[in-house]
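Results of the structural survey
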Amino acid sequence: MTAQPLLEVRGLRKAFAASTGLFGRGPLVRAVDGVDLDLAAGEVLGLVGESGSGKTTLGRAILRLVEPDDGAIRFDGVDVRALRGRELRRLRRRMQIVFQDPTSALNPRLRVRALVGEPLLVHGLARGRALRDRVAELLEEVGLEPSAMDRYPREFSGGQRQRIGIARALALRPDFVVLDEPVSSLDVSIQAQIVNLLVELQRRHRVAYLFIAHDLALVAHLADRVAVMYLGRVVEQAATRTILDRPAHPYTRALIAATPPPDPRRARARRMPIPGEIPSPIDRPAGCAFHPRCPWADARCREQDPPLVAVAEGHLAACHRADEVQSESFDATDSGRPPLHRPTAKPSTARPDTTPGKETDR
Ligand SMILES: Nc1ncnc2c1ncn2[C@@H]1O[C@H](COP(=O)(O)OP(=O)(O)OP(=O)(O)O)[C@@H](O)[C@H]1O
Ligand SMILES: [Mg+2]
């Protein structure tokens, strides 16, 4: 990246005390465990990883909706972690978030007019007639009638509620928006419409997105670059095309293999579960945290934690065997399955017709 990035995250950490019921604090859950990220103005960075890998915590910690334990966050040259009170509120005008579940994110007792207008009112940017006009404009921008203003969130469908959430996030014309799985709670038939809306708004306003999703295919559709998270860390980061064509981390390869192709007739044959379970962030495996699930793992991987390093210009990966992983011929769109199960899999688990039901729900 050439110019100074809009957002620079270094060594960010956030741990939670796991709840142990009666006796208070339990062991530490290292939800975000030393993350570095850069985001340029107007750029879309996709953030993918399995459930529990720390994506939401990372997004919220960047905005200081949860207070980080350690690390640095610079936004447009400003040290975000040093800000207090009014200064922090002022910066929040420029950094917004859209939540996964629009129903719980919108106060059911407020009309849309108040929900979308609130940020403008709080920051003293509009009131009275001007506020009303601005809310109407925002609603139109997200594909809702201005008359929606006088209704309550419960009167809308899930997709429409997410449009309201997006209008609210965009009300202050932010430079950066965290989108935390903005379509995963929505009906599949609605998801594409909302994704298209987000893409259109991003292009129109040149806003930067941190787009969080489980689904690599979805992220690949709209992100300039992709960061892959595993157990609280970024294990690979590169331009979207590079991630798809030349993944250097076995976990990324596994995510690609687990993603169904666009043609649903081949989905069943192509979609592969990632072997093993994601370990607990309380009990991080020694060495490379992915080694218990990794077909490439050798003695070094069991002992030494690989740092995130450049394997090519603009392409970072945290894998001792990145060269070998990359050099193995692998065509994500066309060939058979990548050799993920190569040394360890029992043939029966790798056969498409015996893939567990959970993985064949399409
Ligand atoms: N407030 C909290 N208290 C305790 N543990 C938490 C808290 N928030 C998150 N965690 C734990 O931190 C880890 C990361 O959670 P996080 O929600 O960030 O993951 P995620 O990648 O967003 O998952 P998902 O894909 O399911 O949304 C998990 O182990 C989770 O249980
Ligand atoms: Mg999450």
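Read on for an overview of the structure. Keep in mind that this is a model prediction, so the values were computed, not measured.

1. So, the state of the cysteines
Going through the model one piece at a time under the given rule, you end up with zero disulfides. Cysteine C288 remains unbridged, with the sulfur of C301 as its closest cysteine sulfur at 6.3 Å. C319 provides the cysteine sulfur closest to C294, a residue in no disulfide bond, and the two sulfurs are 6.2 Å apart. We classify C294 as buried; its relative accessible area is 15%.

2. Some remarks on the sheet that holds strand β10 (residues 233-239)
Taken in spatial order, the eight strands line up as β6-β7-β8-β3-β9-β10-β12-β11 in an open sheet, and their pairing is mixed. Of all strands in the sheet, those bounded by a partner on one side alone are β6 (95-98) and β11 (309-312). Averaged over all neighbouring strand pairs, the angle between strand axes comes to 25°, with direction disregarded. Examined bridge by bridge, β6 and strand β7 (residues 176-180) share four bridges and lie parallel to one another. Paired with M95 across the strands is F176, a residue of β7. Each of β6 and β7 is contacted by helix α6 (residues 158-170), which is oriented at about 175° to β6, the strand it contacts most.

3. Remarks on the site of ligand 1
In the region of ligand 1, 14 residues are neighbours, and S51, G52, K55, T56 and T57 sit closest. Here an oxygen atom of ligand 1 sits 3.2 Å away from a polar atom, N or O, in the main chain of S53. Listed by contribution, the elements that provide at least two residues to the shell around ligand 1 are β2 (25-39) and α1 (55-62). Broken down by element, the shell around ligand 1 gets its largest block of residues, three residues, from α1. Its residues placed into classes, the shell around ligand 1 shows four nonpolar, seven polar and three charged.

4. Focus: the side chain of H291
Position of H291 relative to the elements: it lies in the loop between α11 (267-270) and α12 (299-303). Polar side-chain contacts of H291 include one of 3.2 Å to the backbone oxygen of A286. Residues within four places of H291 in sequence aside, it is in contact with P285, A286, A297, C301 and R302.

5. Focus: unusual backbone geometry
Of note in this structure, R64 is not a glycine but carries a positive phi near 60°. Note that R64 resides in the loop between α1 and β4 (70-75). In this model, R206 sits at a positive phi of 55°, which is unusual for a non-glycine residue. Locating R206 in the fold gives a position in the loop between α7 (188-205) and β8 (208-213). Judged by its relative accessible area of 57%, R206 falls in the exposed class.

6. Structural notes on the packing of helix α4 (residues 112-122) against helix α5 (residues 128-141)
Think of two packed helices as two axes; the pair is described by the angle between the axes and how far apart they sit. As a packed pair, α4 and α5 sit with axes 9 Å apart at the nearest point and diverge in direction by 115°. The angle between α4 and α5 places the two elements in the roughly perpendicular class. Crossing of α4 against α5: the hand is right-handed. Residues V112, R113, V116, G117, L120 and L121 of α4 touch α5, and the partners they reach there are L131, R132, R134, V135, L138 and L139. Split by residue class, the contact of α4 with α5 holds eight nonpolar, one polar and three charged.

7. A word on the layout of surface pockets
Take a probe with the size of a water molecule and roll it over the atoms, and the empty space left behind shows itself. Reported here for the second largest pocket is a volume of approximately 480 Å³. Lining the second largest pocket are 21 residues, and of these R92, Q96, I97, P119 and R168 sit closest to its centre. Broken down by secondary-structure element, the contributors of at least two residues to the lining of the second largest pocket are α2 (85-92), β6, α3 (102-105), α4 and α6. Class assignment for the residues of the lining of the second largest pocket results in 13 nonpolar, four polar and four charged.

8. Concerning helix α10 (residues 250-257)
Residue pairs three or four apart in sequence face the same way in an α-helix, which turns once every 3.6 residues. Counting buried positions over the eight residues of α10 gives eight, a clear majority of the element. Of all the positions in α10, only P250, Y251, T252, R253, A254, L255, I256 and A257 are classed as buried.

9. Describing the pattern of salt bridges
By the definition in use, this model includes 23 salt bridges. E141 is paired through a salt bridge with R173; the nearest N and O atoms lie 3.6 Å apart. Here the residue E141 occupies a position in helix α5, and R173 occupies one in the loop between α6 and β7, the gap between them amounting to 32 residues. Since its relative accessible area comes to 14%, E141 is described here as buried. Residue R241 pairs with D245 through a salt bridge whose shortest N-O separation is 2.9 Å. Taken as a pair, R241 and D245 lie in helix α9 (residues 240-245) at a separation of four residues, close to a single helical turn. Each of R13, D33, R233, R284 and D305 takes part in a single network of salt bridges with overlapping partners.

10. Section: α7
An ideal rise of 1.5 Å per residue puts 26 Å on 18 residues; α7 measures up with 26 Å between its terminal C-alpha atoms. Turning to α7, its buried residues are I194, V195, L197, L198, V199, L201 and Q202. Contact partners of the buried residues in α7: β3 (44-48), α5, α6, β7, β8 and α8 (216-222).

Reading the values: the criteria
- Residues numbered from 1 in each chain as written.
- Chains lettered and ligands numbered in written order.
- Predicted model: local features only at pLDDT ≥ 70, side-chain atom pairs only at ≥ 80, totals over all residues.
- Heavy atoms only, no water.
- Disulfide = S-S within 2.5 Å.
- Buried < 20%, exposed > 50% of the residue type's maximum accessible area, 1.4 Å probe, protein only.
- Pairing = 2+ DSSP bridges.
- Helix = DSSP H or I, 4+ residues; strand = E, 2+ residues; numbered from the N terminus.
- Axes fitted to C-alpha atoms, helices over the stretch in contact; angles between N-to-C directions.
- Contact = heavy atoms within 4.5 Å.
- Near = heavy atom within 4 Å.
- Polar contact = N/O pair within 3.5 Å; in protein donor to acceptor, adjacent residues only side chain to side chain.
- Nonpolar A, V, L, I, M, F, W, Y, C, P; charged D, E, K, R; others polar.
- Parallel < 35°, antiparallel > 145°, perpendicular 65-115°, else oblique.
- Left-handed = near helix turned anticlockwise from the far one by under 90°.
- 1 Å grid on protein atoms, 1.4 Å probe; cavity = no way out; pocket = protein on both sides within 12 Å on 5 of 7 lines; lining within 4 Å.
- Points joined across faces, edges and corners; volume = space filled by probe spheres on them.
- Salt bridge = Lys/Arg side-chain N within 4 Å of Asp/Glu carboxyl O.
- Expected span 1.5 Å × (residues − 1).

Keep in mind that these numbers describe shape and distance, not what the molecule does.
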